[in-house]
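For reference, the chains in residue letters:
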Amino acid sequence: METNVFRFRDARAAPDPVLEAEPVAFGSQPVPLVLDNGSFQARAGWACPGPDPGPEPRLQFRAVCARGRGGARGGPGPQVGNALGSLEPLRWMLRSPFDRNVPVNLELQELLLDYSFQHLGVSSQGCVDHPIVLTEAVCNPLYSRQMMSELLFECYRIPKVAYGIDSLFSFYHNMPKNALSNGLIISSGYQCTHILPVLEGRLDAKNCKRINLGGSQAAGYLQRLLQLKYPGHLAAITLSRMEEILQEHSYIAEDYGAELQKWRCPDYYENNVHKMQLPFSSKLLGSTLTAEEKQERRQQQLRRLQELNARRREEKLQLDQERLERLLYVQELLEDGQMDQFHKALIELNMDSPEELQSYIQKLTLAVEQAKQKILQTEASLEVDVVDSKPETPDLEQLEPSLEDVESINDFEPLFSEEAPEVEKPVTTVQPVFNLAAYHQLFVGTERIRAPEIIFQPSLIGEEQAGIAETLHYVLDRYPKAVQDTLVQNVFLTGGNVMYPGMKARIEKELLEMRPFQSPFQVQLASNPVLDAWYGARDWALDHLEDSGAWVTRKDYEEKGGEYLKEHCASNTYVPIRLPKQASRASETSGRGSGASGSGAGEQA
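Since the model is a prediction, treat every value here as computed from it, not as a measurement.

Bringing the overall build of the chain into the picture now. Looking only at helices and strands, the chain has 19 helices and 20 strands in total. In the chain, which comprises 605 residues, the share counted as buried stands at 44%. Restricting to contacts in the chain with at least 6 residues of sequence separation, those with at least 24 account for 72%. When the accessible surface of the chain is totalled, it reaches about 32,700 Å², and 51% of it is carbon and sulfur.

Encoded structure:
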């Protein structure tokens, strides 16, 4: 059995059931709803108080929507998340509320929230009577937060909301509680990669850096690589399958250049290449035919070959007759005594003497007579049913050389050609020995490391950005040496795009190269890079449920605007909008007068 062959799972999402809210959710105190609003996947669940708050979010789905042609015609309406099933047939219809990792289309965001509330058993017709903890992007634009707050307070009429950064929630979930943590977070998600310094438990927003690369760009790059390598399987190389290869078959090389050199060795390639088996049908054409149908098909093929040969003979006979008429015309010139025209005609025919002309006329006359007899015999044989006396003996080898021989004779003998040998013999089709399974395999070799390498070397896909290592070095250089030593003691990796094998070792190698000799550092990978953000948000909601200084209430929203944010350990830094002070009416009048005079002077000039 062939080794290193893997089949695509082509997993199809199962529709989420409409759950019932837990009884504890409607107790004397409303239970917070935790929504990890990611650009790749949304996660929603309850933050239930008690010793066992629940193992995982009750709802996880892709953050995409597809609008059907519904409405008056009664077709299906918008479909969200797992209700879509397989994404590939609907790829051209998919829409996301995110631009990179910032929600910008609040109409689609409302569809995601409706889907979450409905499947968690929350009635959103009148209002949602639960506090909401919602994740947002690092340094989220105020306008995006303003639209999100307006949607939550005006559409769903929630009592209060708390915003936090997903990677910071993951960071505090993996750190000891009630400790002022310092560290450097590397968060790589579906659209972006962030490097976030944390000092004394708070985000240092001024020195945060973002790289506009993540799992989406890696999947697109891998798709282009394999489509260029296998142009015959363009339609089968889909983004969903590329994401599967990235999640299950790719890894980060500790030393990219040295790893590529290893792949140059044939033995290493054979032992490490992953052969991805595409789906195919093993039923060949004609494999289900009966013996009578195969016999009839052979006879039809034989009739077509005989008709083809007869048509070629007729075309050849017509050409020979035209040549013979031309030669007879030249012979008549000789008999009539028109010697000048006769010699010119001989030169055109590339002949030297009348004897050579006579020899060609005799040979061509004989060939024409034989061709006429052969055509008559063929027409008679076509009227009779063909009986395949030897169906097991294929005789295709005699047919092709005979036709080629006729063409070669025509090339070398422009005035006549000898008759081709008999070819009307029973033939059978021979199925070639062809391994369909091997033809439908994608050999994923160096692509396993090329695609995830783009977050370290964006130049691989033509991006003029710095990779993780360069950006990490740039962020550290903005701090004094003592602060640098503190930050590198806790380098924390989180996000779905850091789950490649070898990611932690690669970051340790990059830090070893950029840090002073024998200086200590420590790299830690999140216990669950995908779900730790939701777990951290749930823990924060339970710890700060009574803390009024961390929640934005409806009163705060009405007084201070939708962009208002109450800071906490996992939040962004709130920077209020500074509007210019309104000038007095007199100063405005004088300013307008001076402006008018200035414009008049300008016109005169």
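After that view of the structure, there is still more to cover.
On to the pattern of salt bridges, then. Summed over all chains, the structure comprises 22 salt bridges. A salt bridge links Asp 485 to Arg 515; the shortest N-O distance between them is 2.6 Å. Linking Asp 485 in helix 15 (residues 481-487) with Arg 515 in the loop between helix 16 (503-514) and strand 19 (523-525), this pair joins segments that are 30 residues apart in sequence. Given a relative accessible area of 28%, Asp 485 falls into the partly exposed group.

Moving on, we come to the pairing of strand 10 (residues 132-136). By the criterion of burial, strand 10 is predominantly enclosed, with five of the five residues buried. The side-chain alternation of strand 10 yields two buried faces, one formed by Ile 132, Leu 134 and Glu 136 and the other by Val 133 and Thr 135. Judged from the five bridges that link them, strand 10 and strand 11 (residues 160-165) form a sheet pairing that is parallel. Along strand 11, the bridge assignment pairs Val 133 with Ala 162. This β-α-β element, strand 10 to helix 2 (residues 142-155) to strand 11, shows right-handed connectivity.

All right, on to the packing of aromatic side chains then. The tally for this structure, following the rule as stated, stands at twelve aromatic pairs. Pairing Tyr 564 with Tyr 574 gives two aromatic rings, centres 5.3 Å apart and planes at 80 degrees, and the pair type is edge-to-face. With Tyr 564 in the loop between helix 18 (554-560) and helix 19 (585-604) and Tyr 574 in the loop between helix 18 and helix 19, this residue pair connects regions lying ten residues apart in the sequence. Grouped by ring-pair contacts, the aromatic residues Phe 169, Trp 540 and Trp 551 constitute a single cluster. Lying over the aromatic face of Tyr 190, Arg 62 brings its terminal NZ or CZ to 5.9 Å of the ring centre. Its guanidinium or amino end placed over the ring of Phe 8, Arg 241 lies 5.4 Å from that ring's centre, counting from NZ or CZ.

Strands belonging to one sheet form pairs held by backbone hydrogen bonds; the direction of such a pair is parallel or antiparallel. Spatially, the three strands line up as an open sheet ordered 6-5-7, and their pairing is antiparallel. Two strands close off the open sheet at either side, each with one partner strand: strand 6 (79-80) and strand 7 (94-95). The pairing of strand 5 (residues 65-66) with strand 6 spans two bridges and is classified as antiparallel. Following the sheet pairing, Ala 66 is matched in strand 6 by Gln 79.

With that settled, consider the UniProt feature "coiled-coil region" (unreviewed entry) in the chain. The feature "coiled-coil region" (unreviewed entry), as given by UniProt, occupies residues 291-325 in the numbering adopted here. The span residues 291-325 is 100% helical and 0% strand by assignment, and the distance between its end C-alpha atoms comes to 51 Å.

So, about the packing of helix 3 (residues 166-174) against helix 17 (residues 532-543). Two elements in contact, helix 3 and helix 17, have axes whose closest approach is 7 Å; the angle formed by their N-to-C orientations is 75 degrees. Viewed along their axes, helix 3 and helix 17 adopt a mutual orientation that is roughly perpendicular. Mapping the contact onto sequence places Asp 166, Phe 169, Ser 170, His 173 and Asn 174 in helix 3 and Asp 532, Ala 533, Tyr 535, Gly 536, Ala 537, Asp 539 and Trp 540 in helix 17. Of the residues assigned to the contact of helix 3 with helix 17, the class counts are five nonpolar, four polar and three charged.

A few words on the sheet that holds strand 16 (residues 274-277). Strand order in the open sheet made by the three strands is 1-16-17, with mixed pairing throughout. Where the open sheet ends on each side, the last strands, each with one partner, are strand 1 (5-7) and strand 17 (441-444). Along the sheet, successive strands turn relative to each other by an average axial angle of 30 degrees, direction set aside. Bridge count for strand 16 against strand 17 is four bridges, and the pairing is antiparallel.

What follows is about the state of the cysteines. One pass over the structure, following the stated rule, counts zero disulfides. Take Cys 139: it sits in no disulfide, and the sulfur closest to it among the cysteines is that of Cys 208, at 5.0 Å. By relative accessible area, Cys 139 is classed as partly exposed at 47%.

Core analysis: the largest hydrophobic core is formed by 41 residues, its most contacted members being Ile 186, Leu 226, Ile 245, Leu 442, Ile 468, Met 503 and Ile 507. When residues of this core are assigned to their parent elements, the largest contribution, five residues, is made by helix 4 (residues 215-229). Apart from residues no more than four positions distant in its own chain, Ile 507 is found in contact with Ile 186, Phe 456, Ile 468, Val 491, Leu 493 and Val 523. If you look at the next biggest cluster of nonpolar residues, it comprises 38 residues, including Phe 117, Leu 120, Ile 158 and Tyr 557.

The rules behind each value
Residues numbered from 1 in each chain as written. Predicted model: local features only at pLDDT ≥ 70, side-chain atom pairs only at ≥ 80, totals over all residues. Heavy atoms only, no water. Helix = DSSP H or I, 4+ residues; strand = E, 2+ residues; numbered from the N terminus. Buried < 20%, exposed > 50% of the residue type's maximum accessible area, 1.4 Å probe, protein only. Contact = heavy atoms within 4.5 Å. Areas by Shrake-Rupley, 256 points an atom, 1.4 Å probe, with all protein chains shown as cover. Salt bridge = Lys/Arg side-chain N within 4 Å of Asp/Glu carboxyl O. Pairing = 2+ DSSP bridges. Right-handed = clockwise from strand over helix to strand, strands pointing away. Phe/Tyr/Trp six-rings, centres within 6.5 Å; stacked < 30°, edge-to-face > 60°. Lys NZ or Arg CZ within 6 Å of the ring centre and 35° of its normal. UniProt positions renumbered as here; feature names shortened; annotations may be inferred. Axes fitted to C-alpha atoms, helices over the stretch in contact; angles between N-to-C directions. Parallel < 35°, antiparallel > 145°, perpendicular 65-115°, else oblique. Nonpolar A, V, L, I, M, F, W, Y, C, P; charged D, E, K, R; others polar. Disulfide = S-S within 2.5 Å. Core = buried A, V, L, I, M, F, W, Y, C linked by side-chain atoms within 4.5 Å.

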